[in-house]
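Notes for the structure review
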Amino acid sequence: MSSANQQRENWGSRVGFILAAAGSAIGLGNIWKFPYIAGEHGGAAFIFIYLICIAIIGLPVLIAEILIGRTGKRNPVGSFKFLSKSKIWTSVGFMGVAAGFLILSYYIVIAGWSLGYIIEAVKGTFYDFNQVNTSSSYFESLTGNTTWTISFMLLFLSITMVFVYFGVQKGIERGSKIMMPVLLILLIVSAVKGISLPGSDKGISFLLEPNWDLVTGNSILVALGHAFFTLSLGMGAMMTYGSYLKKDSNIFSSSLQVVFLDTIIALIAGLAIFTVVFATQQNPSAGPGLIFHTLPIVFTKMSGGYVFSILFFLLLSIAALTSAISLLEVVVSYFVDEKGWTRHSAVIVFGGVTFLIGVPSALSFNILSDFHIFGLNFFDLADYITANIMLPLGGMLISIFVAWVWGLNKSLVELKLGAEGLFENYPIIIKFWKIFVKYFAPVLIFLVLLNSLGIL
Ligand code: TRP
């Protein structure tokens, strides 16, 4: 059957797993998306709601996913098969593998822009931008250029494939151990730089003083949806990473650390970006273009802006890379475990397939921009189907599976392995986890789902 029982790879160390999982979680979602949605939904007030969502939904579901993976010791499809034998649950795993493909196919488009912007920063292009118009039209001319977009997308995908090709310890773990500290340092340097700018205090108050007027019912749902995306939940990425864990690892404390790192990075990214945006009197609710349109103009006005602009896009690319690796790993582990493929051929074949699916997304910003399905171009469609439907649905089913199908009694026996002290000394934490996975998560996610489909 599967090769999972032969010599399956493991993480080399506890910190290796935490950094790889944090690497998956920390990505474009934290640095590109979080600041602009916080900007659109009232800053501090939105952040407050987001933190609650992370704590009561994100963390419990993350624990559930890692637990399924560690127990099943396989990719999402194989792990569900191992725990339930039912076709319905296997198809949840399958939906995860499909979502991995789709997310990766559009993720590499934005990540490719980020790589391309490193080159623009090195060339000093941003010095020609003196107002938002020049910056945005330059952005549009780059993304409108098919050769530019597709080449950088391909370059980014190839780098991702190299890490996955070398496997769990030699590729993913080693890469994360180097890249995550670099990312953290670059981001802290950016935030310190931002805070030191005259006028940055307005940015800081934007992040700390809630403006409840901008918060609507929709903001709550956006916050919850983002909690999923930013923690890489709902499609088996964390399950797959969990499957390389040994039984004596403490899932509770590792999950807590991953959530902490992801959240703190999002907040530092917010600080780095909003101090700069306010210090240079830009609009905080500029939307998805916030990083690509606004920051380049700002860089030219700062002392040391040249080096800083290179570092910024470098850090964005590194963050995207460790996330993309986790997406490709889900697909690869499926073909390795279930179909008996070698890791090397799975990486090459499915890297290639991802490229092909990614091309229409890349072309959505140029020659295919008028080609719409259900009123959306390819890029927006891939984003919509995955982030708004597949992930919340996956997350809801994962929590239902653990609490109601596999059952809390059996899952707690597994969860206890490696976390004995916690069970004995803090039973209250376990009690909370049970309530959150059993009731809160499924119900609240169901509401987000209805909202995504426009029903609520
Ligand atoms: N969490 C990553 C980010 O914030 C994106 C990501 C990686 C992801 N793997 C995932 C999102 C799996 C959902 C599911 O950018």
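Just so you know, these numbers come straight off a predicted model, no measurement behind them. (Residues numbered from 1 in each chain as written. Predicted model: local features only at pLDDT ≥ 70, side-chain atom pairs only at ≥ 80, totals over all residues. Heavy atoms only, no water.)

Turning our eyes to something else, we now look at helix H5 (residues 87-123). With 37 residues, H5 extends 54 Å between its outermost C-alpha atoms, agreeing within 8% with the 54 Å of an ideal straight helix rising 1.5 Å per residue. With 28 of 37 residues buried, H5 is to be regarded as a mostly interior element. The N-terminus of H5 is capped by Ser 86, whose side-chain oxygen sits 3.1 Å from the backbone nitrogen of Ile 88. Where H5 ends, the next residue or the one after it, Gly 124, has phi of about 80°, a positive value. (Helix = DSSP H or I, 4+ residues; strand = E, 2+ residues; numbered from the N terminus. Expected span 1.5 Å × (residues − 1). Buried < 20%, exposed > 50% of the residue type's maximum accessible area, 1.4 Å probe, protein only. Polar contact = N/O pair within 3.5 Å; in protein donor to acceptor, adjacent residues only side chain to side chain.)

Moving on to a nonpolar patch on the surface. A cluster of nonpolar side chains, contributed by Trp 404, Val 405, Ile 435, Tyr 439 and Phe 440, occupies part of the molecular surface with about 480 Å² of accessible area. Those elements giving two or more residues to the nonpolar patch turn out to be helix H16 (378-416) and helix H18 (427-452). Ranked by residue count, the leading element in the nonpolar patch is H18, at 3 residues. Following the sequence through the fold, Ile 435 ends up in helix H18. (Patch = residues over 30% accessible without salt bridge, like charges linked within 9 Å, V, L, I, M, F, W, Y side chains within 5 Å. Areas by Shrake-Rupley, 256 points an atom, 1.4 Å probe, with all protein chains shown as cover. Salt bridge = Lys/Arg side-chain N within 4 Å of Asp/Glu carboxyl O.)

This paragraph deals with the packing of aromatic side chains. Scanning the model with the defined rule gives 43 aromatic pairs in all. Residues Phe 365 and Phe 379 carry aromatic rings whose centres are separated by 4.9 Å and whose planes lie at 70° to one another, so their mutual orientation is edge-to-face. Note that Phe 365 is positioned in the loop between helix H15 (343-363) and H16 and Phe 379 in helix H16, a separation of 14 residues in sequence. On the accessibility criterion, Phe 379 (8% relative accessible area) is buried. Lying over the aromatic face of Phe 229, Lys 33 brings its terminal NZ or CZ to 5.1 Å of the ring centre. Above the face of the Trp 404 ring, Lys 438 is positioned so that its terminal group lies 4.8 Å from the ring centre. (Phe/Tyr/Trp six-rings, centres within 6.5 Å; stacked < 30°, edge-to-face > 60°. Lys NZ or Arg CZ within 6 Å of the ring centre and 35° of its normal.)

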